[in-house]
Amino acid sequence: KALFSALDAMLHTLSGTREGDSLARTEPVERQLRALGLNEVQTASVLARLGAGAAGTTAAELAPLGRVVAQMLGTLARDRLPLFVWDDAHELDAGSAQLLGSMLESLAGTRVVLLFAARPDESASYRTLPGYSEIPLGELDERDARRLVATRLGVDRVPDRLFSFFHERAGGHPMFLEELVHEALENEEVVVSHRFVQS
């Protein structure tokens, strides 16, 4: 796990950049940051973390940046509900979790949602964040699995034989079901015509 990688991902999302972008690509972001109410020093700290300068690498050096990001989120939350989602959140590094925690404390009462999709892990860093609550997701039952397959195929009803093919391989795991359906359509192993399925 790269230290502060989750914080970096959040900053790239906020600024519309990607890791490894050139300096020329990050320069236009300055106007966006100013529009969020950041001053020159705050803007420079964000740009540095995006790769446009010397960025801090310790929690102490990044603590002011955490306050800056909290200010950015607070500004965004005036007009809309900001929602940030991390997949594979069980890989969230402890440094990012610490900074996110301090940010959330300063955003108490602000409409901001951080969503962490992860495998069960009692020791995961995100579980210590203020206001954390958990919604465990199990496998789909057969009825819901059938509905998911039908939706992804774009049909009203899935033939039993075809559904059995998917279900035997993926069970009720929604991601695996979707991947199997996607692959079958991509490889033309399943052809959908007029909302009916041929295989």
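Cut-offs used in this document
- Residues numbered from 1 in each chain as written.
- Predicted model: local features only at pLDDT ≥ 70, side-chain atom pairs only at ≥ 80, totals over all residues.
- Heavy atoms only, no water.
- Helix = DSSP H or I, 4+ residues; strand = E, 2+ residues; numbered from the N terminus.
- Buried < 20%, exposed > 50% of the residue type's maximum accessible area, 1.4 Å probe, protein only.
- Contact = heavy atoms within 4.5 Å.
- Areas by Shrake-Rupley, 256 points an atom, 1.4 Å probe, with all protein chains shown as cover.
- Pairing = 2+ DSSP bridges.
- Right-handed = clockwise from strand over helix to strand, strands pointing away.
- Polar contact = N/O pair within 3.5 Å; in protein donor to acceptor, adjacent residues only side chain to side chain.
- Salt bridge = Lys/Arg side-chain N within 4 Å of Asp/Glu carboxyl O.

Enquirer: Is there a simple way to explain the overall build of the protein in this structure?
Expert: A count of helices and strands for the protein gives nine helices and four strands. Starting at the N terminus and walking to the C terminus, you meet the elements of the protein as α-α-α-α-α-β-α-β-α-α-α-β-β. Taking all 199 residues of the protein together, the buried fraction comes to 38%. Looking at the protein alone, contacts between residues at least 24 apart form 68% of all its contacts between residues at least 6 apart. For the protein, the computed accessible surface area is about 12,400 Å², with 50% contributed by carbon and sulfur atoms.

Enquirer: For this particular structure, what's the right way to read the pairing of strand β1 (residues 83-86)?
Expert: It is a general feature of regular strands that their side chains alternate between the two faces of the sheet. By the alternation rule, side chains of β1 split into F84 and W86, which are all buried, and L83 and V85, of which none is buried. Examined bridge by bridge, β1 and strand β2 (residues 113-116) share four bridges and lie parallel to one another. Directly across from W86, in β2, lies its bridge partner F116. In terms of handedness, the path from β1 via helix α6 (residues 94-106) over to β2 forms a crossover that is right-handed.

Enquirer: How should I be thinking about the side chain of S15 in this particular structure?
Expert: Its place among the elements puts S15 in helix α1 (residues 5-15). Classification of S15 as buried rests on a relative accessible area of 4%. Reaching out from S15, the side chain makes a polar contact with the backbone oxygen of L11 at a distance of 2.9 Å. Among residues more than four places away in sequence, those in contact with S15 are V29, Q32 and L50.

Enquirer: What am I meant to see in the pattern of salt bridges here?
Expert: Opposite charge on two side chains makes pairing possible when the charged atoms of those side chains draw close. Across all of its chains, the model carries eight salt bridges by this definition. Of the charged contacts, one joins D144 and R147 as a salt bridge, the two residues approaching to 3.5 Å between their closest N and O atoms. Residue D144 and its partner R147 are located together in helix α7 (residues 142-153), separated by three residues, close to a single helical turn. A relative accessible area of 27% means that D144 is categorised as partly exposed.

Such coordinate-based values are descriptive only and should not be taken to indicate function.
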